[in-house]
Amino acid sequence: MKTKTKVVVVGGGVVGVSALYHLAKKGWSDVVLVERKELTSGSTWHAAGLLPLFNMSYSVGQLHKYAVDLYKKLEEETGKNVGFSVVSNIRLASTKDRMDEYHQYAGVAQTIGVDVKFLTPDQVKEIWPLCHTDDLVGAIQHPEDGYIQPADLTQAMATGARNLGAEIYRNTSVLSMKQTKDGWVVETDKGSIECEHIISCSGNFARQTGKMVGLDIPVIPVEHQYIVTEPHPEIQKRKKDGLPEMGVLRDSDSRWYMREEAGGLILGPYEDGAPACYVDGPSKDSEYELFQEDLDRLAPHIEGAIHRVPAFGEVGVKKVYNGAICYTPDGNPIVGPAWGLKNFWINEGHSFGITAAGGAGWQLAEWIIDGEPTIDMLGVEPRRYGDYATKSYLKAKNEEAYSHVFITHYPDEERPAARPLKTSPCYERMKDLGAVFGQKFGWERPNFFATDGMEQKDDWSFRRSKWFEAIKKECQNVKDNVGLLDMTAFAKCRIKGLKAEEFLDHLVANKLPKKIGRIGLCHALNTKGGVHSEFTIMREAEDSFYLVSAGANLRLDHDWIKKWMPNEGVIFEDLTNSTGVLVVAGPKSRELLQKISTDDFSNENFKWLTAQDVNIGYAPVNAMRVNFVGELGWELHHPIEYQNHIFDKLMEAGKDLGLKPFGIRAMNSLRLEKSYKLVGTELSIEYSPYESGLDRFVHPNKGSFIGLEALNIWREKGFDNKLITLEVHNIKDADVLGNNPIYKDNKVVGRATGGEFGFRLDKSIALAMVKPEHANVGDKLQVDILGEMYDATVIEESPYDSENNLLRA
């Protein structure tokens, strides 16, 4: 056994072996994998289709596409059969909503080069003659998909890794992991190994592995059952006659998958009531153990399977398997750097391990060796969760994620388990006013307000639903009067100290505000020049700055700050939970604030992009004259214990001014009319700030900042994308959702990043990344919305109040 190496991969299985293989393939051959037992696939499971719907995520979709392409090449590279049966993958639809989901998914797939074929019920019958199709609306098919044998794939990648110089130590248990000034020491039952990096790929043992280094990794497995039947005469006859295998069949509305197996069938349902398991981790002797089957839980799905494939009910059950599958609260794996630790990487929570293993290993190797991933990994980022993800929270949410695998994934879906959890003080007041809530990073936030007799309930759809009229009223009121928005969920911190200015100047690409009370919009780039984070920065004093960023990115942004902070001269203070934020916006917002404050909010005294300490009622408030909706307005940052006092004063004083609350969905419509950008959609590590239209926020001549050198090289080479604002014409009942393909002359030239109807403009608006040659104002393009093509025109940025006269009023 080596005593020193670059990377130790803790845990085997296909996930760990993929990480090892990709590190070696990228040139780091001095890497080892430590596996507590024999090297197998890491689970008892088969793979039933390698291209899931990836929740309409562009980034996660890229990981899955890479994995499929990789697995097809592995056999040639290693000489090992990976057991990949390309039999296609068919997803059935029984409802119009399900077909809308498939059309949205197909659009995303188109932008990353995944082939999706739409089928009629008759075409399904041709491919799957045992399938009952009379009640289907349609289906989609991945012709190049199929299923793979996990053990064969694992051994093939292990061979590839060994051929490149990597080493694998089987039957070796990790006892502890300790950080040193030079890296890490991994203690095993066969000796210790010094290394620079550790990758945790320990599957069901993830929480125990995390505990060794002080991490509460948000992974808890859930029981999953599947049924293997005895052979069926018709399937045996098909094989004897030389007919092709019928492929992987998914009845999404009945929530199961099915495929042929040894002349019979495999049925894998995703049922309600499947319990979390190994909540505190498995025993040290656990090895792919199976639990007692519970067929009662599967009864509705068995009935659905017999309805859809009557042959399933005509044969006996050979075996029922019930084992553990790792889950996270949203069902996506956790891939990337751990928070608060240097060179500790997490590759856990893979509920579809075969599907994601190839892409996860690929990006981890890029990240570890080159310092950054090559695709936006926000969808699988370990830091997308916070301390709120307790063990009891994970149990509830992971069971929910399991049961939601096959539900229709609406773009506005909000899952109910373990809620409400984090609430701002005015939560009940907003609820009484009709708020219908969503959540971000554990915080409850109003999505919209149900008024005028509307039921206080969400209405999910891929098309305009009941809340469309609600946000129309909210947007109109913000335009005509004044609106109130709760943004307490913002991530907030203070950076202070003798070296605070020097540090922040190096962290962001923009110049810092020079005068006390001035505000700047600043972006932190990664080392390759892509946009990592966006901060609103207000200078509080000569040596103190207040930073605000997206609430969903709290751990990501704050961890990024801490990782770049010097060891002395800078102090970080998290203010998120101690500071509330209420936003007032609209032409009457100044009049409103003046009624409940003795301070002067006039334009002469309180300029745009400045902040002042004021009183609202009797409460101390830092009022910042900025907002994300493009109207006259202020963000009111306050000690959270004063929030209800401030809220009540605003609501009482605003009665005569038409003050009404508004929610996040109205804010999204309003921000699109201003071409305002969000991290994770318009802003991404995959795009330079110049591609995202941030030219005025980047000062390459101000002095050194993170990513500057790479950005300059990128600029010299030229950019492949340009962010544009589109007006979409002749819309019927659906607007751009995001990730829609953009076409010119029937060729994909980009993708929409977001869209919504703009009520102030009375136009359907979208933002999109396209090839620069198609980014000129007036250019005519087309956009795919749920399978229909719509004409679109490139328009000027910030089509609403392009001169910002309202903001400056």
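Above: the structure in question.
None of the values given here were measured: they were computed from a predicted structure.

**Q** Would you explain the overall build of the protein in this entry?
**A** When helices and strands are tallied, the protein shows 19 helices and 37 strands. Here the C-alpha radius of gyration of the protein, 27 Å, is about what a compact globule of 809 residues would show, namely 28 Å. With respect to the principal axes defined by its C-alpha atoms, the protein has extents near 85 × 65 × 50 Å. Split into buried and exposed, the 809 residues of the protein put 62% on the buried side. For the protein, the proportion of contacts with a sequence separation of at least 24, taken over those separated by at least 6, is 72%. As presented, the protein carries roughly 30,800 Å² of accessible surface, and 48% of it is formed by carbon and sulfur atoms.

**Q** What am I meant to see in the side chain of Gln141 here?
**A** Residue position: Gln141 is located in strand β6 (residues 138-142). Given a relative accessible area of 9%, Gln141 falls into the buried group. For Gln141, the side chain forms a polar contact with the side chain of Ser88, separated by 3.1 Å. Excluding its chain neighbours within four sequence positions, the residues that come into contact with Gln141 are Ser88, Asn89, Ile90, Asp115, Val116, Lys117, Leu119 and Ile127.

**Q** Any chance you could explain the environment of Ala360 here in plain terms?
**A** Structurally, the position occupied by Ala360 is in helix α9 (residues 353-370). Judged by relative accessible area, which is 1%, Ala360 ranks as buried. Sequence separation of Ala360 and Pro425 is 65 residues, and the distance between their C-alpha atoms is 40 Å. What Ala360 contacts, discounting residues up to four positions off in sequence, is Leu63, Val335, Asn347 and His350.

**Q** What am I meant to see in the packing of helix α1 (residues 13-25) against α9 here?
**A** When two helices pack together, their arrangement is given by the angle between their axes and by how far apart the axes lie. Between α1 and α9, the least distance of the axes is 8 Å, while the angle of their chain directions is 35 degrees. In the crossing of α1 with α9, the sense of the turn from one axis to the other is right-handed. Counting all contacts with α1, which are made through Val14, Val15, Ser18, Ala19, His22 and Leu23, the residues of α9 involved are Gly353, Ile354, Ala357, Gly358, Gly361, Trp362, Ala365, Ile368 and Ile369. Here the residues of the contact of α1 with α9 are counted per class, giving 10 nonpolar, five polar and no charged.

**Q** So what exactly am I meant to see when it comes to the sheet that holds strand β28 (residues 611-616) here?
**A** Strands in a sheet are paired, the pairing made by backbone hydrogen bonds, and the direction either parallel or antiparallel. The mixed open sheet is built from six strands, whose spatial order is β28-β29-β30-β27-β21-β31. In this open sheet, the two strands that pair with only one neighbour each are β28 and β31 (659-661). Across the sheet, the axes of successive neighbouring strands diverge by a mean angle of 30 degrees, strand direction being ignored. Sheet topology note: the strand β21 (residues 482-486)/strand β27 (residues 579-585) ladder contains four bridges and is antiparallel. Residue Leu484 lies in a different strand from β27, and its bridge partner there is Val584. Across the sheet, helix α16 (residues 643-653) touches β21, β27, β28, β29 (619-624), β30 (633-639) and β31, and the angle it forms with β27 is around 15 degrees.

**Q** What is the right way to read the side chain of His350 from this model?
**A** On the secondary structure map, His350 appears in the loop between β18 (344-348) and α9. At 2.7 Å, the side chain of His350 and the side chain of Asn347 are in polar contact. Filtering out sequence-adjacent residues up to four positions away, His350 remains in contact with Val15, Cys326, Pro333, Val335, Ala356 and Ala360.

**Q** Would you take a moment to explain the pattern of salt bridges for this structure?
**A** Applying the stated criterion across every chain yields a total of 49 salt bridges. The partner of Glu399 in a salt bridge is Lys395, and the shortest N-O contact between them spans 3.2 Å. In this pair, Glu399 and Lys395 both sit in helix α10 (residues 391-403), four residues apart, roughly one turn of the helix. Given the relative accessible area of 36%, Lys395 is considered partly exposed.

**Q** Looking at this model, I keep getting lost on the nonpolar core. Mind explaining?
**A** One broad rule of soluble globular proteins: the nonpolar side chains tend to lie buried together. Core analysis: the largest hydrophobic core is formed by 45 residues, its most contacted members being Leu20, Tyr71, Leu74, Leu153, Met157 and Ile199. Put simply, the parts of the chain that give this core at least two residues each are β1 (4-10), α1, β2 (31-34), α2 (58-78), α5 (150-163) and α9. Leave out the neighbours within four places in its chain, and Leu74 touches Tyr21, Gly79, Val82, Leu153 and Met157. By size, the runner-up hydrophobic cluster in this structure holds 34 residues, among which are Val174, Met177, Ile217 and Ile346.

**Q** Hey, could you run me through the pairing of strand β37 (residues 788-795) in this one?
**A** Note on strand geometry: in a regular strand, side chains alternate between the two faces of the sheet. Sheet topology note: the strand β32 (residues 722-728)/β37 ladder contains four bridges and is antiparallel. Residue pairing in the sheet places Glu727 in a bridge with Thr793 of β37. Across six bridges, strand β36 (residues 780-785) lies against β37 in antiparallel orientation. Note that in β37 the partner of Ile785 across the bridge is Glu788.

So, how was this worked out
Residues numbered from 1 in each chain as written. Predicted model: local features only at pLDDT ≥ 70, side-chain atom pairs only at ≥ 80, totals over all residues. Heavy atoms only, no water. Helix = DSSP H or I, 4+ residues; strand = E, 2+ residues; numbered from the N terminus. Rg over C-alpha atoms; globule rule 2.2 N^0.38 Å. Buried < 20%, exposed > 50% of the residue type's maximum accessible area, 1.4 Å probe, protein only. Contact = heavy atoms within 4.5 Å. Areas by Shrake-Rupley, 256 points an atom, 1.4 Å probe, with all protein chains shown as cover. Polar contact = N/O pair within 3.5 Å; in protein donor to acceptor, adjacent residues only side chain to side chain. Axes fitted to C-alpha atoms, helices over the stretch in contact; angles between N-to-C directions. Left-handed = near helix turned anticlockwise from the far one by under 90°. Nonpolar A, V, L, I, M, F, W, Y, C, P; charged D, E, K, R; others polar. Pairing = 2+ DSSP bridges. Salt bridge = Lys/Arg side-chain N within 4 Å of Asp/Glu carboxyl O. Core = buried A, V, L, I, M, F, W, Y, C linked by side-chain atoms within 4.5 Å.

Distances and angles like these do not, on their own, reveal function.
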